[in-house]
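What the coordinates show
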Amino acid sequence: LDEALKGINQCLFAYGQTGSGKSYTMTGYSDAGVIPRLTTDLFKRVATSNGEIRVWISYMEIYNEKIRDLLKTTESDENLSIFEHDKLGVVVPDATMAPAATVKEARQLMAYGLSRRVSAATQMNETSSRSHAICTLHVQTKAAMARINLIDLRDLSEYPNPK
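So, here's what we can say about the structure. Being a predicted model, the structure only gives us computed values, none of them experimental. Each chain carries its own residue numbering, running from 1 in the written order of its sequence. Local features in this predicted model are restricted to residues of pLDDT 70 or higher, and side-chain atom pairs are both shown and tallied only at a pLDDT of 80 or more, whereas totals for entire chains, interfaces and linings draw on every residue. Excluding hydrogens and water, the side-chain values take into account all heavy atoms of the structure.

Under the scheme used here, helices are H or I runs from DSSP no shorter than 4 residues and strands are E runs no shorter than 2 residues, and both carry numbers assigned from the N terminus. Per the secondary structure count, the chain includes four helices and ten strands. Moving toward the C terminus, one meets the helices and strands of the chain in the order α-β-α-α-β-β-β-β-β-α-β-β-β-β. The classification of residues rests on relative accessible area computed with a 1.4 Å probe and restricted to protein chains. Under 20% of the type maximum is buried, over 50% is exposed, and intermediate values are partly exposed. When burial is assessed residue by residue, the chain has 42% of its 163 residues classed as buried. Values of accessible area rely on a 1.4 Å probe in the Shrake-Rupley scheme; residue burial ignores everything except the protein chains shown. Entry remark: accessible area of the chain is about 10000 Å², with carbon and sulfur atoms responsible for 53%.

Let us look at the layout of surface pockets. Volume-wise, the largest pocket comes out at about 680 Å³. Lining the largest pocket are 25 residues, and of these Val90, Val91, Val92, Arg147 and Asn149 lie nearest its centre. Secondary structure elements with two or more residues in the lining of the largest pocket: β1 (10-14), β2 (54-63), β5 (89-91), β9 (132-140) and β10 (145-152). With five residues, the top contributor of residues to the lining of the largest pocket is β10. Polar here means any residue outside two lists: the nonpolar Ala, Val, Leu, Ile, Met, Phe, Trp, Tyr, Cys and Pro, and the charged Asp, Glu, Lys and Arg; Gly therefore counts as polar. Taken together, the residues that form the lining of the largest pocket break down as 18 nonpolar, six polar and one charged. Using a 1 Å grid laid over the protein atoms alone, points where a 1.4 Å probe fits but cannot get out form a cavity; open sets with protein on both sides within 12 Å along at least 5 of 7 lines form a pocket; any residue with an atom within 4 Å of a point counts as lining. Grid points are joined across faces, edges and corners, and a volume is the space filled by probe spheres set on the points.

Here we come to the pattern of salt bridges. Salt bridges, as used here, are contacts in which a Lys or Arg side-chain nitrogen is within 4 Å of a carboxyl oxygen on Asp or Glu. As enumerated under the stated definition, the model contains four salt bridges in all. Here Arg45 and Asp2 are joined by a salt bridge, their closest N and O atoms 2.5 Å apart. Remark: Asp2 occurs in helix α1 (residues 2-5) and Arg45 occurs in helix α3 (residues 34-47); sequence separation between them is 43 residues. The salt bridge partner of Arg68 is Glu61, with a shortest N-O separation of 2.8 Å.

So this is what it looks like as structure tokens:
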């Protein structure tokens, strides 16, 4: 978080076998995971910044080779486009960037996005995520802008390679 506030993009990947605790680590259930803890710390800093720190949130999933905006309020099977810009980095132009001024607003956005993720029961987990999820905190200060990408990757090793 300190580095992001200096304008350095950050990324955290959670990857592992099904049932190993990736989603639990990232979101938590009874205990707060990485995303809620980071968000709480970020908004403590926002509250004391006198308006110098602004935050937007994006939340997407990749499922069946489609990128879906989890914060879009209308149901759509739209496949968002993604490309790499030489100065901006990886960009998903039509993804929602919802502003959040408080930790409560941020958590409401994240809860909404999380509720829209594709999930299904497996032998190892009753609510196994079936998609890759990317939660991005866009953080702007007077001096810099950075993205914090928090990524929950689904383990594909349990599925056979297509022939």
